[in-house]
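# Remarks on the overall topology
Next come the chains, spelled out residue by residue.
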Amino acid sequence: SFKRFIKLLRKYAPVKNEEDLLLLITYMVDSCFPDTDYQILIITGRAGSGKSCLTFIIRCIIDPATFGIGGLLISTKDILLQAAHIHMQTYDNNGTHLKGNVQNLLCQTCTGGNWIEREFFTNNQTLIVDIKSPVIINGLHSPLTQDDVINRAIHMRLPQLTPEDYAKTGGKNNWQAQFEADLPEMIGGFHDLLQRVLVLRDTVELPAELPRMGDFAKVGIALEQVLGLEEGSFLKAYENNQ
């Protein structure tokens, strides 16, 4: 069931509090709907805080057909390459601010659009890429500087893991084995949660004021009801994050 999924996610996802967990689950659920605007998930923290690990966990649940997580995000070509072949774009260990044209294209990945250019080795053949997709970027610091893209992002700052935390995992190989053993149950529980949110998403009563990413807020409010949380819990968490 979805309750088992949440319990296992708490076990593996090194988030700092319940508000971040709620936003994380909302991001994951929202990433599965093709008719919504997507958020960019920015995962930051000091070395050894589990940034790459959390990115890997999300990728395994949302887009399990792909292998591993992507490298540095440097240019628009990196976005186009991933958008053409996978559903969820992931970029690992990004430590510097992104160029303006890269941030502009990231905005477009949230709401959707096409990238059109001349196909290589041709004079009049076009290459068209649908670039709408959820995105995860992790690093020591957020690489975003422009307001337009920052408003489309969820910022997840992970707490520093202690030597005791690492000892509990039993080492990388042991952690990997445990996660792979729990993954089928996590995926099943997540799909149960996804189905419940889908039923409520378009029937929730919306407040008089919504944040800019209204579709994401609808998913969050529906999730709040499925989880039996106090009314307004999602919008409070989202506002605090923004």
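That block above? That's the structure.
On to the pattern of salt bridges, then. Enumeration according to the criterion identifies 8 salt bridges in this entry. Between D182 and K11 there is a salt bridge, with its nearest N and O atoms 3.3 Å apart. With a gap of 171 residues between them, D182 in helix α8 (residues 172–201) and K11 in helix α1 (residues 2–12) connect regions that are remote in the sequence. Here R196 ties to D192 by a salt bridge, and the two come within 3.1 Å at their closest N and O atoms. Of this pair, R196 and D192 both sit in helix α8, 4 residues apart, roughly one helical turn. We classify D192 as buried; its relative accessible area is 18%. Via salt bridges that share partners, D35, R201, D202 and K218 belong to a single interconnected network.

Moving on: the nonpolar core. Of all hydrophobic cores here, the largest spans 69 residues; its most connected members are F5, L9, L24, M28, I58 and L106. When near neighbours in sequence (up to four residues on either side) are disregarded, L9 contacts L21, L24, I25, M28, I57 and M186.

All right, on to unusual backbone geometry then. Here N93, not a glycine, exhibits a phi torsion of approximately 60°, which is positive. Note that N93 resides in the loop between β2 (89–91) and α5 (100–111).

Another aspect to go through is the packing of helix α9 (residues 214–226) against helix α10 (residues 233–241). Here α9 crosses α10 at 135°, and the two axes come no closer than 8 Å. When the interaxial angle is binned, α9 and α10 end up oblique. Where α9 abuts α10, its residues F216, A217, G220, I221 and E224 lie against S233, F234, L235 and Y238. Here the contact of α9 with α10 is built from residues that sort into 6 nonpolar, 2 polar and 1 charged.

Turning next to the packing of helix α2 (residues 18–30) against helix α3 (residues 51–62). Two numbers describe how α2 lies on α3: the axes approach to 10 Å, and their chain directions differ by 40°. Here α2 and α3 pass one another in a crossing that is right-handed. Residue-level contacts link L24, Y27 and M28 of α2 to L54, I58, I61 and I62 of α3. The residue makeup of the contact of α2 with α3, split by class, is 7 nonpolar, no polar and no charged.

Across the sheet, which stays open at both edges, the 4 strands sit in the order β2-β5-β1-β6 with parallel pairing between neighbours. Only two strands of the sheet have a single neighbouring strand rather than two, namely β2 and β6 (153–157). Shown here is a sheet whose adjacent strand axes are inclined to one another by a mean of 15°, direction ignored. In this sheet, β6 lies alongside strand β1 (residues 40–44) in parallel orientation, the contact comprising 5 bridges.

Reading the values: rules and limits
- Residues numbered from 1 in each chain as written.
- Predicted model: local features only at pLDDT ≥ 70, side-chain atom pairs only at ≥ 80, totals over all residues.
- Heavy atoms only, no water.
- Salt bridge = Lys/Arg side-chain N within 4 Å of Asp/Glu carboxyl O.
- Helix = DSSP H or I, 4+ residues; strand = E, 2+ residues; numbered from the N terminus.
- Buried < 20%, exposed > 50% of the residue type's maximum accessible area, 1.4 Å probe, protein only.
- Core = buried A, V, L, I, M, F, W, Y, C linked by side-chain atoms within 4.5 Å.
- Contact = heavy atoms within 4.5 Å.
- Axes fitted to C-alpha atoms, helices over the stretch in contact; angles between N-to-C directions.
- Parallel < 35°, antiparallel > 145°, perpendicular 65-115°, else oblique.
- Nonpolar A, V, L, I, M, F, W, Y, C, P; charged D, E, K, R; others polar.
- Left-handed = near helix turned anticlockwise from the far one by under 90°.
- Pairing = 2+ DSSP bridges.

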